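Each chain, letter by letter, is given below.
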Amino acid sequence: VRCPDGAEGNCFFQKHPLPSLGSAVKSVRLELKSGQENYLQIDDQQGLLALVQANALEFHTWGSRSDDPDQPDRLVFDLDPGPGITWKQVVAAARDVRARLKETGLQSFVRCTGGKGLHVVAPIQRGPGWESAKQFCEAFAQAMAAHRPTHYVATMSKAKRANRIYIDWLRNGRGATSVASWSLRAREGAPVAMPLRWEELGRLKSGDAF
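Residues numbered from 1 in each chain as written. Predicted model: local features only at pLDDT ≥ 70, side-chain atom pairs only at ≥ 80, totals over all residues. Heavy atoms only, no water.

**Student:** Is there a simple way to think about the sheet that holds strand β4 (residues 74–81) in this case?
**Tutor:** Strands in a sheet are paired, the pairing made by backbone hydrogen bonds, and the direction either parallel or antiparallel. Read from one edge of the open sheet, six strands run β7-β8-β4-β6-β5-β10, paired in mixed fashion. Whereas interior strands pair on both sides, the edge strands pair on one side only; in this sheet they are β7 (152–153) and β10 (194–196). Summarising the sheet, strand β5 (residues 109–112) and β10 pair through three bridges and their orientation is antiparallel. Opposite Arg111, over in β10, you have Pro195 as the bridge partner. Sitting on the sheet, helix α2 (residues 87–103) is in contact with β4, β5, β6 (118–123), β7 and β8 (165–168), with an inclination near 15 degrees to β6. (Pairing = 2+ DSSP bridges. Helix = DSSP H or I, 4+ residues; strand = E, 2+ residues; numbered from the N terminus. Contact = heavy atoms within 4.5 Å. Axes fitted to C-alpha atoms, helices over the stretch in contact; angles between N-to-C directions.)

What follows is the structure, encoded as structure tokens:
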């Protein structure tokens, strides 16, 4: 997310490389429905700094790496609190997702988003394709919502989200992104999307604490 006039000005997503970004910003060629397109790729500090010099404030990444973009290696569950939900409830929900993932054999870590919610991120061995990953994440979120319908919802409908936490599983499709660990957010106070140990979570007061 580039913000030429700072976080208070107009910001925009940029997916494609430009010569003006410099040689440290590379590209990966992807097969899309519209044909082949080049997407931004960086893999070192020089590339990161080149994008910062171009007023990039936020970094959002795929759940795969450029050497095999069609095989994800992480799953992201975005816990988005609806109206009436407290921070303690968001923390409890993240721990609940962690426990349910552990039952399936997946270890996870938690990341505050720099906003209202939390991400629960489960690294996986590469092998399943995007469709399999997305189907698993949808079924997982739907099962949690079915088990505790007064706590969770797994659909985007805002009408159903009052006093519930939306388990957003849509970050896990091909081309979908989630904010990267350590990224700034283009918001007041420049909060950071901060990866955490689970034992640190109880000391947090909000998702934009850093």
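And the narrative resumes.
**Student:** For this particular structure, what's the right way to read α2?
**Tutor:** One turn of an α-helix holds 3.6 residues; hence residues three or four places apart share an orientation. When the terminal C-alpha atoms of α2 are compared, their 25 Å separation across 17 residues agrees well with the 24 Å that a helix rising 1.5 Å per residue should span. Those residues of α2 that fall on the buried side of the exposure criterion are Trp87, Val90, Val91, Ala93, Ala94, Asp96, Val97 and Leu101. Along its buried surface, α2 packs onto β4, β5, β6, α3 (130–147), β7 and β8. (Expected span 1.5 Å × (residues − 1). Buried < 20%, exposed > 50% of the residue type's maximum accessible area, 1.4 Å probe, protein only.)

**Student:** Explanation requested: the nonpolar core in the structure shown.
**Tutor:** Across soluble globular proteins, you tend to see nonpolar side chains buried next to one another. Grouped together as the largest cluster of nonpolar side chains are 34 residues, with contacts concentrated most on Leu75, Leu79, Ala94, Leu101, Leu118 and Leu201. The element that contributes the greatest number of residues to this core is α2, accounting for seven residues. Counting residues in hydrophobic clusters, the runner-up holds eight residues, among them Leu21, Val25, Leu51 and Phe59. (Core = buried A, V, L, I, M, F, W, Y, C linked by side-chain atoms within 4.5 Å.)

**Student:** When you look at the pattern of salt bridges in this model, what are you seeing that I'm missing?
**Tutor:** Side chains that differ in sign of charge can pair as their charged atoms come close. By the definition in use, this model includes 12 salt bridges. In this structure, Arg74 and Asp73 form a salt bridge, with 3.4 Å as the shortest nitrogen-oxygen distance. Residue classification places Asp73 among the buried positions, given a relative accessible area of 8%. Arg100 serves as the salt-bridge partner of Asp96, at 2.5 Å between the closest nitrogen and oxygen. Of this pair, Asp96 and Arg100 are both found in helix α2, four residues apart, which corresponds to roughly one turn of the helix. (Salt bridge = Lys/Arg side-chain N within 4 Å of Asp/Glu carboxyl O.)

**Student:** Sorry if this is basic, but what is going on with the state of the cysteines here?
**Tutor:** One covalent bond between the sulfur atoms of two cysteine residues makes up a disulfide. Across all of its chains, the model carries one disulfide by this definition. The disulfide that involves Cys3 links it to Cys11, with 2.2 Å between the sulfurs. Because the sign of the S-S torsion sets the handedness, a value of about 115 degrees for the bond joining Cys3 and Cys11 places this disulfide among the right-handed ones. Free of any disulfide, Cys112 has its nearest cysteine sulfur in Cys3, 19 Å distant. (Disulfide = S-S within 2.5 Å.)

**Student:** So what exactly am I meant to see when it comes to the packing of aromatic side chains here?
**Tutor:** What characterises a pair of aromatic rings is the spacing of the ring centres plus the angle enclosed by the ring planes. Summed over all chains, the structure comprises four aromatic pairs. Here Trp62 and Trp130 contribute two aromatic rings whose centre-to-centre distance is 6.1 Å and whose plane-to-plane angle is 80 degrees, an arrangement assigned as edge-to-face. Residue Trp62 is found in the loop between β3 (60–61) and β4, and its partner Trp130 is found in helix α3; the two are separated by 68 residues along the sequence. (Phe/Tyr/Trp six-rings, centres within 6.5 Å; stacked < 30°, edge-to-face > 60°.)

**Student:** Is there a simple way to think about the pairing of β6 in this case?
**Tutor:** Regular strands place their side chains on alternate faces of the sheet. Along β6, five of the six residues are buried, which leaves the element largely enclosed by surrounding structure. Where β4 meets β6, six bridges bridge the pair, whose relative direction is antiparallel. Looking at the pairing, Val76 lines up with Val121 of β6. Judged from the four bridges that link them, β5 and β6 form a sheet pairing that is antiparallel. Looking across to β6, one finds that Val110 is bridged to Val120. Between β5 and the antiparallel strand that follows it, β6, lie five residues; Gly114 among them carries a positive phi value of about 80 degrees.

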